[in-house]
Amino acid sequence: MHRGHRVPRLFLRELICTVSVVAYAAAPATALQIPTSFHAGFYGELTSRPLLDPGAGARSLLSVASVGEIRLDLGVRRPESTDSSGSLVGMLGASFQYNAWGGYPRQGGVFAGYQFFRAAEHGHEILAGLSTATSNARGEHVQYELSFGGRYSRGHPARGVLRLKVIVFRLPLFSRGVPKPPPLHLHWDTVDAGGVPANPRWPGVRGRNVDRMCRFSYAQMSETPLLIYRPECDSTGLATLNQPISPRTANHEGLSCGVKNVEPVIRGHVNWFVVNQTGRLRWQGYNSGATGDRDFDLFLEAPDLVTDGNVSANRAQKELRDDPKRDALIELEFNGEETAGLFSAQHGGELWSPLIRLPQLSAENAEYVEQNEKADRLFRDRLAVVTGLLGLDGQHDFHTELHPVFAFAIDVSHELQNRYAHAWLVLVRNMGNEGECSAGELPWVTRDSTRYVLEVPWKSGADSVVVDADSSPFGFIARRMATLRVEVERARAVRLVADLPRPIRTDSAGIVYGTLRLRWFHHGRPLPSDSGQVRPAGVYQARRPDRDKHDFEPVHVGAFPQARPLCFTLALADTVRRDSASSPRPRPQTVLRDRPTTAPTVSGEASCSGAGSRSAP
């Protein structure tokens, strides 16, 4: 019995089903960390015998290591002919596709598979064909297939069928919409003396799943991956993506990062621009070992920037189990081998010792635990001013982080025996990396080219300050002489202004580090430090390497000269030019991919004896 004139009506009804909204889910990577993703969605099918014979069904798709797809189809269609009372034919098929060309948002491949059908007809067929697909930032993934199959029905060869399938994968039906105003549109009220936005906030982000709201993905149409996301998430368009150009450019061919260029699963970093954040610190640890990324990891109180990725990650940390501000912390990261591992305690001060030693120790070394405990006591609940690249870590649930940290000033006065003495650990550098799941070194592009500014906040209740230059050791690492100027701006800040190379190449790296010693006064009377307000550290549990962290390729430390002592100058602050907080122009973070050369031999060391201090009037 043939269907005749009823075909077009059924075709239109079933074609509507192909645009239905269906679930999308992400499957975890296997134990071998092979990047995979799982999709589920409806499809519509048109066949050639008879023409426009429609079918409908559901498909699941498993992408394997960016180059292959395993698919499972379940559906029904009207039979070509039947000798029974049945009106539908059930289909169950499996196929494998090799992605032969392209990448997101367009791809193409060849596939082969097997399909079993039973009902009014029953039999099987072998399939082969071509496939192409398109996707967009809202999460739709539409795949088109043209296939031909040799069919066997009731054990006898039947006519082959040419078919066209349209498969639609879309966002979840009950997903929350994007709130207004845009959740990732950064707001700030002030900027520091270097023009860096201070204490920014994401009004619509706190505790929310930003990936679900924004559907981050990327296009690999050229060497540099292009970030794509819902335009309702950020009207500025300033976000960029930093991840390896392709799986082959990442360590282990991207398996540790889950880098994919067929299914646009982001495993790198979605970055905005450099910001300045003030808050209290928590020490997380140094991630060493064969599976570690050699980063110093800390937490910083920044409640206006946390996502649900931060909340879930922080609640899993044993160190934060009893911390009342656990849900208000974001992560800080900077590589130890390209910073403190190159420093000298003689030049930067003894308080740097635990950070200098940790990159030189393995996690199995007994001293490793000892130095981690010292670092925890040094940083726990300490006030810090941190300048770093603000972004979301796609490898770890899009939690907010400042990575890399370019500069910081940390109040470590509690380490001094004199309660009227104040000490700040200081770091200023012009570039840093975001780990293996990135494409290279990132420069800190400042407003004034080679002028890098960091501000130590003015102490509440003080009317003057003395910079104790004789007991403030500083060092620098750069291919040319660096300079440091310490300025006092009354009632606002003690400002450190470093002159470093302009970061146009990997070889132009420059770092200034040290310990700034201050004495604060009110009407001539010294003010004590606030160390008594610090919450006790309690029992510290040594942190072992995080196996979930991605591997990290060693830093080319040959590009860094040896540390040298640095003499700094003291002065009252000049008039500071400040950009309007309402219309600043953040600088782009262009990746530096050039290969470093061997560092030149450094000879001669300057002496910092005789440097004086000056107090604010």
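Each remark here, short or long, concerns the structure printed above.
Residues numbered from 1 in each chain as written. Predicted model: local features only at pLDDT ≥ 70, side-chain atom pairs only at ≥ 80, totals over all residues. Heavy atoms only, no water.

1. Regarding the overall build of the protein chain
Next, step 1: Along the protein chain, the regular secondary structure elements total 6 helices and 32 strands.
Next, step 2: Across the protein chain, the fraction of contacts at a sequence separation of at least 24, relative to all contacts at a separation of at least 6, is 70%.
Next, step 3: For the protein chain, the accessible area works out to roughly 26500 Å², and carbon and sulfur atoms hold 55% of it. (Helix = DSSP H or I, 4+ residues; strand = E, 2+ residues; numbered from the N terminus. Contact = heavy atoms within 4.5 Å. Areas by Shrake-Rupley, 256 points an atom, 1.4 Å probe, with all protein chains shown as cover.)

2. Notes on the state of the cysteines
Next, step 1: Enumeration according to the criterion identifies 1 disulfide in this entry.
Next, step 2: Across a sulfur-sulfur distance of 2.1 Å, C214 and C233 are joined as a disulfide pair. Handedness of the C214-C233 disulfide follows from its S-S torsion of about -110°: it is left-handed. Within this pair, whereas C214 is found in helix α2 (residues 210–214), its partner C233 is found in the loop between β14 (226–228) and β15 (240–242), the two being separated by 19 residues in sequence. (Disulfide = S-S within 2.5 Å.)

3. Considering helix α3 (residues 308–315)
Next, step 1: Of the residues making up α3, those classed as buried are G309, N310, V311 and N314.
Next, step 2: If you follow the buried residues of α3, they end up packed against β17 (295–301), β18 (329–335) and β20 (399–411). (Buried < 20%, exposed > 50% of the residue type's maximum accessible area, 1.4 Å probe, protein only.)

4. Considerations on the sheet that holds strand β24 (residues 451–457)
Next, step 1: If you walk across this open sheet you meet the 4 strands as β24-β28-β27-β32, and the pairing is mixed. Of all strands in the sheet, those with a lone pairing partner are β24 and β32 (568–572), marking the two edges. When the angles between neighbouring strand axes are averaged without regard to direction, this sheet yields 20°.
Next, step 2: Both strand β27 (residues 483–489) and strand β28 (residues 493–499) contribute to a ladder of 7 bridges, which runs antiparallel. Within β28, the position partnered with T483 by the bridge is D499. (Pairing = 2+ DSSP bridges. Axes fitted to C-alpha atoms, helices over the stretch in contact; angles between N-to-C directions.)

5. As for the environment of H522
Next, step 1: Inspection of the secondary structure puts H522 in strand β29 (residues 510–522).
Next, step 2: On the basis of relative accessibility, which here comes to 34%, the residue H522 falls in the partly exposed class.
Next, step 3: For the pair H522 and D463, spaced 59 residues apart in the sequence, the C-alpha separation amounts to 5.2 Å.
Next, step 4: If we ignore the near neighbours within four places in the chain, the residues touching H522 are G461, D463 and L527.

6. What to know about helix α6 (residues 366–379)
Next, step 1: Under the 1.5 Å per step criterion, the end-to-end length of α6 is 21 Å for 14 residues, consistent within 8% with the ideal 20 Å.
Next, step 2: Tucked inside the fold, the buried residues of α6 contact β16 (269–286), β17, α5 (353–357), β20 and β21 (422–429).
Next, step 3: In the stretch just after α6, D381 is the one whose phi turns positive, near 60°. (Expected span 1.5 Å × (residues − 1).)

7. Remarks on the nonpolar core
Note on soluble globular proteins: their nonpolar side chains tend to be buried together.
Next, step 1: With 70 residues, the main nonpolar core has F216 and V270 as its most contacted residues.
Next, step 2: Of the residues forming this core, the biggest block, 7 residues, is contributed by β16.
Next, step 3: Counting 41 residues, the second largest nonpolar core, distinct from the first, contains L389, Y452, W458 and V591. (Core = buried A, V, L, I, M, F, W, Y, C linked by side-chain atoms within 4.5 Å.)

8. Focus on the environment of V426
Next, step 1: Secondary-structure assignment places V426 in strand β21.
Next, step 2: The class of V426 is buried, set by a relative accessible area of 1%.
Next, step 3: Along the primary structure V426 and G348 are separated by 78 residues, whereas in three dimensions their C-alpha atoms are 8.9 Å apart.
Next, step 4: With residues near it in sequence (within four places) discarded, V426 still touches W352, F408, A409, L454, F474, L496, V512, Y513, G514 and L516.

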